[in-house]
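Residue-level structure breakdown
Here are the chains, one letter per residue:
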Amino acid sequence: MLRTALSALLLGILFILSCQNKEVQTSSEVKDLIPKSQYAMLIVESESCIYCKQLDKDLRNDPRLKNALKGMDVLRLLAESNARVRYRLDGKEGETTEEELARALNVRAYPHIIFYDSKGNIVLRIPGYAPPKTLACAIEYVKNELYNKENINQYLKRENCV
């Protein structure tokens, strides 16, 4: 009887201790995809995407990309995630899940890079992986607002980016 009582007491203490000092992620936490800078680069990725991992490595290690991205927000969206996001994109503003937003943006390939301005106007989409040199040129194309003047493919060819 005493052994049973001590076991129950020990289990109760262990249960109480295991519940303390744990950070609990609440569903009220919302990721903000509204850019603070003039432009944002939204990377829509998938957990199983090897090219997404390569893009992440490129962004961390390639000096051309690091330099090109100065002054531009880099945001990420995980296509399989149910995490809440706040967005201003494609003429709409609201709150939804990452998965629902990826679907609403009609993303079908990963990574899918979407460049947009602070008002949420999408100015360029790159479906799929782009090598660092090409991506750095695309970033400059957006930052210099050349999307108003010429086609991205013409620009990339003219600048020897492909």
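Computed from a predicted model, the values in this text were never measured in an experiment.

About the thresholds
- Residues numbered from 1 in each chain as written.
- Predicted model: local features only at pLDDT ≥ 70, side-chain atom pairs only at ≥ 80, totals over all residues.
- Heavy atoms only, no water.
- Pairing = 2+ DSSP bridges.
- Helix = DSSP H or I, 4+ residues; strand = E, 2+ residues; numbered from the N terminus.
- Axes fitted to C-alpha atoms, helices over the stretch in contact; angles between N-to-C directions.
- Contact = heavy atoms within 4.5 Å.
- Phe/Tyr/Trp six-rings, centres within 6.5 Å; stacked < 30°, edge-to-face > 60°.
- Buried < 20%, exposed > 50% of the residue type's maximum accessible area, 1.4 Å probe, protein only.
- Expected span 1.5 Å × (residues − 1).
- Arc of directions from axis to C-beta.
- Disulfide = S-S within 2.5 Å.
- Salt bridge = Lys/Arg side-chain N within 4 Å of Asp/Glu carboxyl O.

**Focus on the sheet that holds strand S7 (residues 122–127)**
Pairing in this open sheet of 4 strands is mixed, and the strands run S3-S2-S6-S7 from one edge to the other. Edge positions in the sheet fall to strand S3 (72–78) and S7, since each of these pairs with one other strand and no more. Averaged over all adjacent pairs, the angle separating strand axes in this sheet is 20 degrees, with direction ignored. As judged from the 5 bridges shared by strand S6 (residues 112–117) and S7, these two strands associate in the antiparallel manner. Paired with His112 across the strands is Pro127, a residue of S7. Strands strand S2 (39–45), S3 and S6 of the sheet are contacted by helix H2 (residues 50–61), whose axis makes an angle of about 145 degrees with S2. Packing of helix H5 (residues 132–143) onto the sheet brings it into contact with S2, S3, S6 and S7, and relative to S7 it is tilted by some 170 degrees.

**Comments concerning the packing of aromatic side chains**
A complete count under the given rule lists 3 aromatic pairs for this structure. Ring geometry for Tyr51 against Tyr129: centres 5.8 Å apart, planes inclined by 35 degrees, an arrangement best described as tilted. Remark: Tyr129 occurs in the loop between S7 and H5 and Tyr51 occurs in helix H2; sequence separation between them is 78 residues. On the basis of relative accessibility, which here comes to 29%, the residue Tyr129 falls in the partly exposed class. Look at Tyr141 and Tyr155: their rings are 5.2 Å apart centre to centre, the planes differ by 45 degrees, and that puts the pair in the tilted class.

**Digging into the environment of Pro131**
Here Pro131 shows up in the loop between S7 and H5. Assessed through its relative accessible area of 41%, Pro131 is described here as partly exposed.

**What about H2?**
Think of an α-helix as turning once every 3.6 residues; residues three or four places apart then point the same way. Between its first and last C-alpha atoms H2 spans 17 Å; for 12 residues at 1.5 Å apiece the expected length is 16 Å, and the two agree. Residues of H2 that are buried include every one of Cys52, Leu55, Asp58 and Leu59, and no others. On an axial view of H2, the arc spanned by its buried residues comes to 115 degrees, and they lie on one face.

**Some details on the state of the cysteines**
Inspection of every chain in the model, using the stated rule, returns 2 disulfides. In this model, Cys49 is linked to Cys52 through a disulfide, with the two sulfur atoms separated by 2.5 Å. Between Cys49 and Cys52, the S-S dihedral sits near 90 degrees, and the bridge is therefore right-handed. Grouping residues by exposure puts Cys49 and Cys52 together as buried. Covalently, Cys137 is tied to Cys161 through a disulfide, its sulfur atoms 1.9 Å apart. Taking the sign of the torsion about the S-S bond as the criterion, the disulfide between Cys137 and Cys161, at about -70 degrees, is left-handed.

**Observations regarding the pattern of salt bridges**
For the structure on display, the rule yields 11 salt bridges. Residue Glu150 pairs with Arg158 through a salt bridge whose shortest N-O separation is 2.4 Å. What makes Arg158 partly exposed here is its relative accessible area of 48%.

**Regarding the environment of Val44**
Within the fold, Val44 resides in strand S2. Along the chain, Val44 and Gly128 lie 84 residues apart, while their C-alpha atoms are 9.8 Å from each other.

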